[in-house]
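Chain and residue survey
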Amino acid sequence: MLRITDDRTGRTIDAAVPRGLTRVVADVLGEGADVPSDLRVLLVADVLARALEMGGTPVVTVADPPGPLRSRALALGIRPGEPSAVPGGRSVHVRGRSASAGQPRDAAEGGGPQGRAEGSGEGPGRDVRVDVAPVRAGGAGRVPGDVDRADGDTGDGGDVSGGRDVSDVGGDVSGGGGSVGGGAVWRLALLVRPRSQAVELDDAALASARELLGRWRKAVAVWATSPSKPVPEEVRRQLRSAWEDDLDVPAVLGVLHRVESDPGLPDGARFETYAYADRLLGLELTRDIGTV
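If you're wondering where the values come from, they're calculated on a predicted model, not measured in any experiment.

For the rest of this paragraph, the subject is the packing of aromatic side chains. Applying the stated criterion to the full structure yields three aromatic pairs. Ring geometry for Trp223 and Tyr274: centres 5.0 Å apart, planes at 70 degrees, overall edge-to-face. Of this pair, Trp223 sits in helix 4 (residues 203–223) while Tyr274 is found in helix 7 (residues 267–281), placing the two residues 51 residues apart along the sequence. Look at Trp223 and you get buried, because its relative accessible area is 8%. Under the relative-accessibility criterion, Tyr274 is labelled buried at 0%.

We now examine the sheet that holds strand 6 (residues 128–132). With parallel pairing, the four strands of this open sheet are ordered in space as 4-3-5-6. Edge positions in the sheet fall to strand 4 (59–62) and strand 6, since each has one partner strand and no second. Neighbour-to-neighbour, the strand axes of this sheet turn through a mean angle of 20 degrees, independent of strand direction. Note: strand 5 (residues 90–96) against strand 6, five bridges, orientation parallel. Among the inter-strand pairings, Arg95 is bridged to a residue of strand 6, identified as Asp131.

Attention now moves to the nonpolar core. Among the nonpolar cores identified, the biggest contains 71 residues, and Leu48, Val94, Leu239 and Leu281 are the most heavily contacted of them. Top contributing element to this core by residue count: helix 1 (residues 35–54), with 13 residues.

Our focus in this paragraph is the environment of Leu265. Along the chain, Leu265 turns up in the loop between helix 6 (249–261) and helix 7. Relative accessible area serves as the criterion here: at 13%, Leu265 is assigned to the buried category. The spacing of Leu265 and Val231 is 34 residues in sequence and 9.7 Å in space, taken between C-alpha atoms. Residues contacting Leu265, with those up to four places away along its chain left out, are Pro232, Val259 and Arg270.

Turning next to unusual backbone geometry. Non-glycine residue Leu247 carries a positive phi angle of around 50 degrees. Position of Leu247 among the secondary structure elements: in the loop between helix 5 (233–244) and helix 6. Here the phi dihedral of Glu284 falls at roughly 55 degrees; this positive angle occurs in a residue that is not glycine. As for its placement among the helices and strands, Glu284 is situated in the segment after helix 7.

The next subject is the pattern of salt bridges. Throughout the structure, instances matching the rule amount to 18 salt bridges. One salt bridge connects Asp246 with Arg195, and the closest N-O pair in it is separated by 2.7 Å. Taken together, the positions of Asp246 in the loop between helix 5 and helix 6 and Arg195 in the loop between helix 3 (182–191) and strand 10 (199–201) put the pair 51 residues apart, joining distant regions of the chain. The partly exposed category is assigned to Asp246, whose relative accessible area is 23%. A salt bridge links Arg287 to Asp288; the nearest nitrogen and oxygen atoms lie 3.6 Å apart. Each of Asp46, Arg50, Glu53, Arg79 and Arg187 takes part in salt bridges that share partners, so that together they form one network.

Here we come to helix 3. For helix 3, the tally of buried residues reaches 10 of 10 residues, placing the bulk of the element in the interior. Listing the buried residues of helix 3 in full gives Gly182, Gly183, Ala184, Val185, Trp186, Arg187, Leu188, Ala189, Leu190 and Leu191.

The next subject is the confidence of the model for the protein. Taken residue by residue, the protein gives an average pLDDT of 81. The fraction at 70 or more is 74%. Low pLDDT, under 50, characterises residues 107–123; the predicted model gives this stretch 32 contacts beyond four residues in sequence or across chains. Within the model, pLDDT remains below 50 along residues 139–179, and this stretch shows 94 contacts once partners closer than five positions in the same chain are excluded.

About the criteria used
- Residues numbered from 1 in each chain as written.
- Predicted model: local features only at pLDDT ≥ 70, side-chain atom pairs only at ≥ 80, totals over all residues.
- Heavy atoms only, no water.
- Phe/Tyr/Trp six-rings, centres within 6.5 Å; stacked < 30°, edge-to-face > 60°.
- Helix = DSSP H or I, 4+ residues; strand = E, 2+ residues; numbered from the N terminus.
- Buried < 20%, exposed > 50% of the residue type's maximum accessible area, 1.4 Å probe, protein only.
- Pairing = 2+ DSSP bridges.
- Axes fitted to C-alpha atoms, helices over the stretch in contact; angles between N-to-C directions.
- Core = buried A, V, L, I, M, F, W, Y, C linked by side-chain atoms within 4.5 Å.
- Contact = heavy atoms within 4.5 Å.
- Salt bridge = Lys/Arg side-chain N within 4 Å of Asp/Glu carboxyl O.
- pLDDT = per-residue confidence, 0-100.

This is the structure:
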């Protein structure tokens, strides 16, 4: 059972309720407020929903960002959410935290369509709040890398840059392992740090994510040529323990680093391990199969 910290109380509770629907609600300001930080909120909601699904929990993601932000989220492999969901069960509200005061940004400030978290009781229907630290601009006040369109044009006349130089996230960029999608690079760069810590998304962070993603995709393509072996039970336990413990994605990545270098694991088991973990991570680690 996935347990997560409710940032309203600081207590760790079950993210889901027994035999009930869990709604993962992404509260974003949108409308050009802080595109990188809003993307991180949507990404955390996406990974949380994936983790719940892998545990067999009925889950629906509720997110209705404005069109330009939605396009950028799709470029990062973030699955579209529903604009609303039926009541009942539990709602887990994922929202950004102010970069200055460290306090939750109120989605109502930007007319957030998902609404505020409600309920303060301890019962199974109680709503939960998950705070996500901001993404800090790198360099001289700009966000490096590629986010959808290099000129910042949204295609519908809207400016989603929030005053920053936010370039194209969707295009492919050249990496050490061949062509590595810019959206996947951003996704990995945002996943390597705990959600409670701010991300400094500068050129060095994106270069590191690009190198790692290219290396892993190439390795998975090579491992796929070996006879398949099941995910070792101990490795599966480590992966699940990581993401079920407050959605600790950096710990999941740590398991993959150990699997990559463990001389005792056959390549077929490495392949199945990475394919299994990628159901949570959404990095398309198997994309280059058949290219080596």
